[in-house]
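# Summary of structural features
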Amino acid sequence: MGTTAPLPLPLPAAAQGPAANGQESIRAWTVIVKGHGAVPLATKQRTPKEATVDLRIEEMMELPGPQADAFPTSPAPPGDTESPTRPTPKAPTVEEVDLASGPRTSPPDSAAHPRATYRLQLRNGVDLARVTSLVPYLARLGISHAYLSPILEAAPGSAHGYDVVDPEAVDDSLGGVGALGSLQRALSAQGLGIVFDLVPNHMAALPGENRWFTDVLTRGRRSPVAPFFDIDWSRPDPALKEKVVLPVLGGRYGDLLRPGSARICLSERGVELKIQEGVFPVAITALVETLAEMGREEGRVQASLAAELVADEGPGALRSLQSGAGRGLGGHSAPDDPQDELAFLAAHPRWLDRLLQRQHYQLANWRAGSRYLNYRRFFDVDTLIGLRMEEEQAYRAYHNFSLHLLAECPNSGLRVDHPDGLFDPLEYLRRLRADAGQRWIVVEKILARHERVPPSWPVDGTTGYDFSRLAGGLLINRDSEPALTQIYREFTEERRTFAEISSSSKAEVLRELFAAELESITRILMVLARSSAVGRDFGAHEIRECLVALAANLPVYRTYVRPGLAGQELAAATDPVRRAATAAGGTESGLDPQVLAFVRDVACGTWPGSDDLDVARRWQQLTGAVMAKGVEDTAFYRYNRLISLNEVGDDPSCFGVAVDEFHSAMLERQEQLFSSMSATSTHDSKRGEDVRCRLNLLTHWPSAWGRAVRRWHRLTQGYRSPGVDSNFEYFFYQTVFGAWPISEDRLLPALRKSVREAKVHTSWRSPRDGYEAAVLGFATAALRDPIFRADLERFVQRMTPDWTAMSLTLCLLKLTAPGVPDIYQGTELWDLSLVDPDNRRPVDFRLRSGLVEKLDGLTPRRAMLARASGLPKLWVTATALAVRRQLPACFGQAGTYRPLDIRGVGSGGYVAFARGGSVVTVAPIRPPSAARRHRAAAVTLPMGTWVNRFTGRSIEAGEVEILDLLGGFPVALLTREGSR
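Residues numbered from 1 in each chain as written. Predicted model: local features only at pLDDT ≥ 70, side-chain atom pairs only at ≥ 80, totals over all residues. Heavy atoms only, no water.

### Looking at the overall build of the protein
- Within the protein, the secondary structure is distributed over 35 helices and 27 strands.
- With 980 residues in all, the protein has 61% of them scored as buried.
- Across the protein, every contact between residues at least 6 apart in sequence was considered, and the portion connecting residues at least 24 apart equals 74%.
- For the protein, the accessible surface area stands at approximately 36600 Å², while carbon and sulfur atoms represent 51% of it. (Helix = DSSP H or I, 4+ residues; strand = E, 2+ residues; numbered from the N terminus. Buried < 20%, exposed > 50% of the residue type's maximum accessible area, 1.4 Å probe, protein only. Contact = heavy atoms within 4.5 Å. Areas by Shrake-Rupley, 256 points an atom, 1.4 Å probe, with all protein chains shown as cover.)

### Regarding the pairing of strand β4 (residues 145-148)
- Covered by surrounding structure in β4 are His145 and Tyr147 together with Ala146 and Leu148, the residues of both alternating faces.
- Pairing of strand β3 (residues 117-120) with β4, which is carried by 4 bridges, proceeds in the parallel orientation. Within β4, the position partnered with Leu120 by the bridge is Leu148.
- Once you follow β3 into helix α4 (residues 128-141) and on to β4, the crossover reads as right-handed.
- Pairing analysis gives 3 bridges linking β4 to strand β7 (residues 193-198), with the strands arranged parallel. The residue bridging Tyr147 from the neighbouring strand is Val195, located in β7. (Pairing = 2+ DSSP bridges. Right-handed = clockwise from strand over helix to strand, strands pointing away.)

### Some details on the sheet that holds strand β14 (residues 377-378)
- Strands sit in the order β8-β15-β14 across an open sheet of 3 strands; the sheet is antiparallel. Single-partner strands in this sheet number two, and they are β8 (202-204) and β14.
- Two strands pair when backbone bridges link them, and β8 and strand β15 (residues 381-386) are joined in this way by 3 bridges, in the antiparallel orientation. Its bridge partner lying in β15, Ala204 is registered against Leu384.

### Structural notes on the packing of aromatic side chains
- All told, the structure shown has 34 aromatic pairs when counted by the stated rule.
- Where Trp712 meets Phe795, the ring centres are 5.7 Å apart and the plane angle is 90°; that geometry is what we call edge-to-face. Note that Trp712 is positioned in helix α26 (residues 702-715) and Phe795 in helix α30 (residues 786-816), a separation of 83 residues in sequence.
- Since its relative accessible area comes to 3%, Phe795 is described here as buried.
- Over the aromatic face of Trp803 sits the side chain of Arg694, whose NZ or CZ is 4.5 Å from the ring centroid. (Phe/Tyr/Trp six-rings, centres within 6.5 Å; stacked < 30°, edge-to-face > 60°. Lys NZ or Arg CZ within 6 Å of the ring centre and 35° of its normal.)

### Here we look at helix α14 (residues 392-408)
- The end-to-end C-alpha distance of α14 is 23 Å, a good match for the 24 Å that 17 residues give at a rise of 1.5 Å each.
- For α14, the principal kink sits at His399 and spans about 50°.
- Of all 17 residues in α14, 14 are buried, a share of seventy percent or more. (Expected span 1.5 Å × (residues − 1). Bend = angle between axes of the 7 residues up to and from the residue.)

### Focus on the nonpolar core
- In terms of nonpolar packing, the biggest core is built from 268 residues, with Leu273, Phe662 and Phe732 touching the most fellow members.
- Top element by residues in this core is α30. It accounts for 14 residues. (Core = buried A, V, L, I, M, F, W, Y, C linked by side-chain atoms within 4.5 Å.)

### Concerning the side chain of Asp466
- Assignment of secondary structure puts Asp466 in helix α16 (residues 465-473).
- Buried and unpaired, Asp466 has Arg669 as its nearest opposite-charge partner, separated by 4.1 Å.
- Those residues in contact with Asp466, other than ones at most four positions away along the chain, are Leu447 and Arg669. (Lys, Arg positive; Asp, Glu negative; His and termini not counted. Salt bridge = Lys/Arg side-chain N within 4 Å of Asp/Glu carboxyl O.)

### Some remarks on the packing of α26 against α30
- Look at α26 against α30: their axes get within 10 Å of each other, and the N-to-C directions meet at 170°. When the axes of α26 and α30 are compared, the pair comes out roughly antiparallel. Across the interface between the two elements, Ala704, Trp705, Ala708, Arg711, Trp712 and Leu715 of α26 pack against Ile787, Phe788, Asp791, Leu792, Phe795 and Arg798 of α30.
- Grouping the amino acids of the contact of α26 with α30 by side-chain chemistry returns 9 nonpolar, no polar and 3 charged. (Axes fitted to C-alpha atoms, helices over the stretch in contact; angles between N-to-C directions. Parallel < 35°, antiparallel > 145°, perpendicular 65-115°, else oblique. Nonpolar A, V, L, I, M, F, W, Y, C, P; charged D, E, K, R; others polar.)

### Comments concerning the environment of Glu308
- Its location among the elements puts Glu308 in helix α9 (residues 301-313).
- Taking the C-alpha atoms as reference points, Glu308 and Val288, separated by 20 residues in sequence, lie 7.4 Å from one another.

### A short note on the sheet that holds β4
- Strand order in the open sheet made by the 8 strands is β18-β17-β16-β7-β4-β3-β20-β19, with parallel pairing throughout. Both edges of this open sheet fall to β18 (461-462) and β19 (677-678), since each of them pairs with a single strand only.
- Where β7 meets strand β16 (residues 412-416), 5 bridges bridge the pair, whose relative direction is parallel. Opposite Asp197, over in β16, you have Arg415 as the bridge partner.

### Structural notes on unusual backbone geometry
- With an omega of 0°, the peptide bond running from Trp740 to Pro741 counts as cis.
- Note that Pro741 resides in the loop between α27 (726-739) and α28 (744-758).
- The omega torsion across Asp836 and Pro837 is 10°, close enough to zero to call that bond cis.
- As for its position among the elements, Pro837 is in the loop between β20 (820-824) and α31 (845-852).
- Within the chain, Asn124 stands out as a residue other than glycine whose phi angle is a positive 55°.
- Inspection of the secondary structure assignment puts Asn124 in the loop between β3 and α4.
- Backbone geometry places Lys759, a non-glycine residue, at a positive phi of 60°.
- Following the sequence through the fold, Lys759 ends up in the loop between α28 and α29 (769-784).

### Focus on the pairing of β20
- Most of β20 is tucked away, with 5 of its 5 residues classed as buried.
- Where burial is concerned, the two faces of β20 agree: the one with Val820, Asp822 and Tyr824 and the one with Pro821 and Ile823 are both buried.
- Here β3 pairs with β20 via 3 bridges, running parallel. What sits directly across from Arg119, in β20, is Tyr824.

### Some remarks on the side chain of Thr522
- The residue Thr522 is located in helix α19 (residues 515-530) in this model.
- You can call Thr522 buried: its relative accessible area is 2%.
- Only 2.7 Å separates the side chain of Thr522 from the backbone oxygen of Leu518, close enough to count as a polar contact.
- Beyond its immediate chain neighbours, meaning those up to four positions away, Thr522 contacts Ala540, Ile543, Arg544 and Leu547. (Polar contact = N/O pair within 3.5 Å; in protein donor to acceptor, adjacent residues only side chain to side chain.)

### Some remarks on the confidence of the model for the protein
- Per-residue pLDDT for the protein has a mean of 87; in total, 86% of the residues score no lower than 70.
- Long-range and interchain partners of residues 1-110, a stretch whose pLDDT sits below 50, account for 224 contacts in this model, where long-range means more than four residues apart.
- The model gives residues 325-331 a pLDDT under 50, and that stretch makes 10 contacts with residues more than four places away or in other chains. (pLDDT = per-residue confidence, 0-100.)

### Remarks on a positive patch on the surface
- Taken together, the side chains of Arg707, Arg710, Arg714 and Arg798 make up a positively charged region of the molecular surface.
- With 3 residues, the single largest contributor to the positive patch is α26.
- Inspection of the secondary structure assignment puts Arg714 in helix α26. (Patch = residues over 30% accessible without salt bridge, like charges linked within 9 Å, V, L, I, M, F, W, Y side chains within 5 Å. Charge placed at Lys NZ, Arg CZ, Asp CG, Glu CD.)

Pasting the structure below:
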């Protein structure tokens with residue numbers, strides 16, 4: 001487990017005191033140090049050993065003060081008086097520890113927003129020390145903030161860090177809080193900052209590792225941290241009432257009762273159940289009752305003695321006896337060997353079942369769990385349990401440490417993961433803003449095409465999926481949509497539109513993956529319906545089907561209906577629901593109009609009795625998960641017309657973005673969210689940015705693509721078994737074209753993931769080995785066929801000059817358009833990665849560090865000769881970041897965005913804009929191989945003398961031919977002479 005020692009970072013000036021013997025002074029923190037009790041740290045200087053002392057939150061929680069004041073507890077079930085097996089979790093108060101009080105003071109209003117961020121995926125061999133070693137490279141590249149994946153303690157072996165088990169510790173596998181302090185000092189020395197990734201929606205449901213969750217499993221609803229988790233304790237099934245359903249068993253519950261399947265053991269944590277699927281806590285009252293019954297009914301005196309001893313002394317007494325100490329503890333007779341009684345209990349189904357049925361959890365088969373689950377998950381991931389951030393104490397306990405880190409890092413910001421999963425995102429973000437002050441905050445919010453960030457959210461923007469859609473769509477030839485649609489339909493015989501596939505996919509996952517959540521909301525609506533004369537005869541099936549139809553047709557991830565909305569705000573919040581209801585109630589839907597209207601009004605919060613909006617907001621939490629699983633992780637793998645559009649935040653039914661639409665969006669962005677993140681690749685991307693750029697070229701040469709597909713189909717005919725469907729084959733050809741060159745060990749896992757996500761012939765929950773073997777065998781044989789490979793390589797090479805230009809355009813747009821550009825690790829060179837884990841594989845920073853040293857004095861000719869290495873992209877990245885650093889006013893809140901006039905034949909082949917009057921971007925959005933048709937295109941430059949930062953050439957204001965302006969390099973970045 002990680003440590004929660006005070007972070008050894010520079011303190012605010014007001015908190016610093018005179019140094020003694022070269023040792024830094026520290027705050028007047030009072031903490032509980034293991035073995036030493038309460039220590040007012042300000043009374044002495046901190047030594048290196050003390051700087052890393054192991055402070056745990058449970059020790060902090062032992063400080064004086066009535067425990068009942070710490071957390072509001074849920075009503076305890078009658079007769080449940082068990083004592084905890086370890087110190088009861090308790091949030092530190094302001095008087096107890098400065099980790100809590102620090103964040104309450106907002107940082108200065110001058111807190112800087114990033115100039116550019118660099119996303120780093122920690123774990124998998126990359127820890128905080130490794131990031132520290134990269135700081136000189138990041139500074140040389142020109143970014144302003146290192147943007148880290150989650151650093152809090154995560155589940156053992158976590159590959160990503162989004163499965164937090166301890167929000168009060170920096171993960172030891174990353175180096176702990178000391179390594180974070182070293183990184184912060186290294187960044188500060190270079191003038192750089194840090195962006196933390198905050199995960200408020202969920203934690204890992206991992207008994208033993210997650211102390212909060214373990215306490216809930218041990219003590220049930222009376223646990224002081226039970227309100228922290230989004231658990232429905234009132235299921236109608238008596239067997240599941242007041243229990244947490246844990247869908248963890250590989251087999252059935254009855255299999256667990258077979259002798260030898262389970263053990264009851266003593267550990268430092270207490271009494272535990274150990275089975276193949278994991279270790280689970282055993283409630284003390286349940287153990288006492290079961291041992292007592294077993295003693296009476298089986299005539300086992302030792303079991304009765306053990307029950308008496310545990311009832312009076314707790315499980316520690318049994319551990320003492322087991323170690324040979326403490327005989328006759330407390331004056332009681334003692335069992336000879338308590339482990340013998342625990343072994344007898346575990347070996348007999350009757351007694352093991354009684355013990356398990358008295359627990360505050362119910363072990364269930366992993367498949368059945370999705371129908372009986374009674375806690376909110378992150379999407380459909382059973383091992384991630386939802387948090388109730390609407391509870392003030394839950395918010396404080398979860399955020400205190402992170403807010404302390406934020407306060408101790410003056411130049412820092414926050415990325416908020418998945419706020420759509422929260423009960424009330426606005427209230428949460430208001431709390432966070434109050435604590436974080438003016439720090440930069442962006443949210444992972446996926447916007448539909450015409451959707452905007454809710455104006456009431458106190459954030460600086462999103463994590464950039466919206467920008468990726470706009471910039472990438474600009475590179476698509478919209479006129480080719482009919483041709484590519486026809487090629488896809490002829491090859492696959494798929495006639496459905498994406499909207500049809502999307503709607504059916506959402507309905508499917510709602511019924512199958514979210515059956516428990518659907519049933520829970522249906523029950524609530526049944527109660528509402530029967531409380532009204534109008535809805536008294538509405539049936540559960542009718543209500544359920546209307547809920548499914550409404551979610552399947554919802555055009556956004558979620559709505560934001562909440563108390564207090566009225567007028568235009570309420571109309572805007574409910575409009576997507578009303579549109580979904582209209583679409584769902586089509587003439588052939590078969591839905592009862594009255595029931596549909598009832599469900600619609602409940603979702604809008606306008607049905608009598610739903611005024612508190614609890615059910616509406618529960619429904620809103622569910623629709624985001626349905627959209628993510630139904631569209632991103634299902635429909636995106638079923639509709640393969642052009643898979644560069646099948647990306648998080650994009651819409652495959654919207655074929656490209658017009659130049660005017662792009663300019664309009666950027667003008668709005670500059671005015672309203674100038675500091676929103678601009679991303680083109682993320683850790684969640686299904687294809688790297690340069691893969692998508694190459695695929696977008698197919699919209700400019702649809703006939704050539706159609707011929708290539710038919711040719712490859714003939715060349716690989718001998719490798720296709722009847723199980724290889726044409727939709728997969730079409731997907732395969734796009735994938736290898738976009739990512740070429742690619743090895744089998746990278747391609748095959750991505751293909752397997754793709755067919756499982758599609759859920760047509762195989763899936764994660766029901767994998768079909770025969771189908772997967774057929775499609776992967778086809779892919780392997782095709783890759784190894786020399787004729788197919790040679791033909792594929794020739795096709796890729798034909799596209800390479802155009803692909804280079806399009807990729808550099810996307811790169812330059814991200815770096816110079818309104819917003820804070822984010823560079824996903826490694827993508828400063830060509831990014832030909834596929835879906836994770838491929839896009840999270842190790843990055844060769846030695847190569848990048850060497851190349852960045854070659855940028856001084858680089859010319860377009862030399863850069864293009866080294867195209868294969870990615871040097872042109874690195875040059876564009878470093879040059880644009882240098883311009884942002886030199887002319888910050890052009891890109892900040894006071895900057896401007898001005899589209900520039902392009903005239904002449906082929907004027908539609910370029911995009912140009914000015915930033916702040918001193919920076920101009922000119923880039924092609926059509927392939928340069930069509931330059932003959934674009935030769936007459938000219939751009940009108942604003943007043944002044946301009947310098948092309950790639951060619952060094954000076955250009956006077958006025959109308960300039962674009963090809964002449966570019967000077968042999970695909971893109972141009974101009975700055976006005978004399979600008980500062």
